Amino acid sequence: QVQVVESGGGLVQAGGSLRLSCVASGSIFNIYNMGWYRQAPGKQRELVAGLRSGGSTNYADSVKGRFTISRDNARNTVYLQMNSLKPEDTAVYYCNADVHTVLGGRSLYWGQGTQVTVSL
C-alpha cells in the first residue's frame, strides 16, 4: 500500500507565493516520476509540472518562469514552489507518484489534493 499526501495549500493574495509539498510513503521500492496537477472548478485536471527520475522537468506554459518543481529522493518528497501567483492559479492541486512497490508492481498513485486560492 502506498499513500500520497499533499500539504501547503491555502489562501494567498495575487503576487504572493506558496510552497506545496507531497510525500509518498508505504511499500515503496522506487519512485520514478512525480508530478503536480491542478483542477479548477468546471475545468479538467491539467498538468502543472512534472519531474522525471532522471531529473528532467516539464511545465505548463501558464506557469513557466513562476513555478518550480523539485524533489528530495531521500524523503520521497516532491515540492512545488509557486511564485507570482495569479487568481487563475486557484485550483485544487494534486500530486502523483509513479511507484514501483516492494511487491513488484508499478502503479500511479494520487493524493487527495490541497486547495490553493489566490485572491485579488
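In the block above lies the structure referred to throughout.
Since this is a predicted model, take the numbers as computed values, not measurements. (Residues numbered from 1 in each chain as written. Predicted model: local features only at pLDDT ≥ 70, side-chain atom pairs only at ≥ 80, totals over all residues. Heavy atoms only, no water.)

**Regarding a nonpolar patch on the surface**
For the record, the criterion: Every patch collects residues that have over 30% relative accessible area and no salt bridge, joining them within 9 Å if they carry like charges and within 5 Å if they are nonpolar side chains (Val, Leu, Ile, Met, Phe, Trp, Tyr). Accessible surface is estimated by sampling points in the Shrake-Rupley manner with a 1.4 Å probe; for residues, cover comes only from the protein chains shown. The salt bridge definition used is simple: a Lys or Arg side-chain nitrogen within 4 Å of an Asp or Glu carboxyl oxygen. For the purposes of this entry, the term helix denotes a DSSP run of H or I that reaches at least four residues, the term strand denotes a run of E that reaches at least two, and both are numbered from the N terminus. Residue burial is assigned from relative accessible area. The probe radius is 1.4 Å, only protein chains are included, and a residue is buried under 20% of its type maximum, exposed over 50%, and partly exposed in between.
A cluster of nonpolar side chains, Phe 29, Val 102 and Leu 103, forms an exposed patch at the surface whose accessible area comes to about 390 Å². Along the chain, the position of Val 102 falls in the loop between strand E9 (91–101) and strand E10 (106–110). Overall, the relative accessible area of 51% leaves Val 102 in the exposed class.

**A look at the nonpolar core**
Short version of the rule: The criterion is simple. A nonpolar core is a set of buried Ala, Val, Leu, Ile, Met, Phe, Trp, Tyr and Cys residues joined through side-chain atoms within 4.5 Å. What makes two residues a contact is simply this: any of their non-hydrogen atoms within 4.5 Å.
Core analysis: the largest hydrophobic core is formed by 30 residues, its most contacted members being Trp 36, Val 48, Phe 67, Leu 80, Met 82 and Tyr 93. Sorting elements by how many residues they give to this core places E9 first, with 5 residues. Those residues within four positions of Tyr 93 in sequence are excluded, and the remaining contacts are Glu 6, Leu 20, Trp 36, Tyr 37, Arg 38, Val 48, Phe 67, Leu 80, Met 82, Gly 113, Thr 114 and Val 116.

**Let's talk about the state of the cysteines**
For clarity, the cut-off: Here, the term disulfide refers to a pair of cysteine sulfur atoms separated by no more than 2.5 Å.
Applying the stated criterion to the full structure yields 1 disulfide. Two residues share a disulfide in this structure: Cys 22 and Cys 95, whose sulfurs sit 2.0 Å from each other. One quick way to see it: the torsion about the S-S bond of Cys 22 and Cys 95 is about -75 degrees, and its sign makes the bridge left-handed. Of this pair, Cys 22 sits in strand E3 (residues 18–26) while Cys 95 sits in strand E9, placing them 73 residues apart in sequence.

**Quick look at the sheet that holds strand E7 (residues 67–72)**
Our working rule: We call two strands paired when DSSP finds no fewer than two bridges between them. Angles shown run from 0 to 180 degrees and are taken between the N-to-C directions of axes, each axis being a line fitted to C-alpha atoms and, for helices, limited to the stretch in contact.
Strand order in the open sheet made by the 4 strands is E1-E3-E8-E7, with antiparallel pairing throughout. Edge positions in the sheet fall to strand E1 (2–7) and E7, since each of these pairs with one other strand and no more. Adjacent strand axes in the sheet meet at a mean angle of 15 degrees when their direction is disregarded.

**Details of the side chain of Arg 38**
Our working rule: Two N or O atoms count as a polar contact when they lie within 3.5 Å, although within protein this holds only if one can serve as hydrogen donor and the other as acceptor, and sequence-adjacent residues are included solely when both atoms are side-chain atoms.
Residue position: Arg 38 is located in strand E4 (residues 28–39). A polar contact is formed between the side chain of Arg 38 and the side chain of Glu 46, at a distance of 2.7 Å. At 3.3 Å, the side chain of Arg 38 forms a polar contact with the side chain of Ser 62. With residues near it in sequence (within four places) discarded, Arg 38 still touches Gln 44, Arg 45, Glu 46, Val 48, Ser 62, Val 63, Phe 67, Glu 88, Asp 89, Ala 91, Val 92 and Tyr 93.

**Some points on the pattern of salt bridges**
A side chain with one charge may pair with a side chain of the opposite charge, provided their charged atoms come close. With the rule as written, the count across this model stands at 6 salt bridges. Taking the shortest distance from any N to any O, the salt bridge between Asp 89 and Arg 38 comes out at 2.9 Å. In this pair, Asp 89 is assigned in the loop between strand E8 (77–82) and E9 and Arg 38 in strand E4, connecting sequence segments 51 residues apart. One exposure class covers both Asp 89 and Arg 38, and it is buried. With a shortest N-O distance of 2.8 Å, Asp 89 and Arg 66 are connected by a salt bridge. With Asp 89 in the loop between E8 and E9 and Arg 66 in the loop between strand E6 (57–59) and E7, this pair connects stretches of sequence that are 23 residues apart. The exposure classification of Asp 89 matches that of Arg 66, with both residues buried. Each of Arg 38, Glu 46, Arg 66 and Asp 89 takes part in salt bridges that share partners, so that together they form one network.

Nothing here speaks to function; it is geometry throughout.
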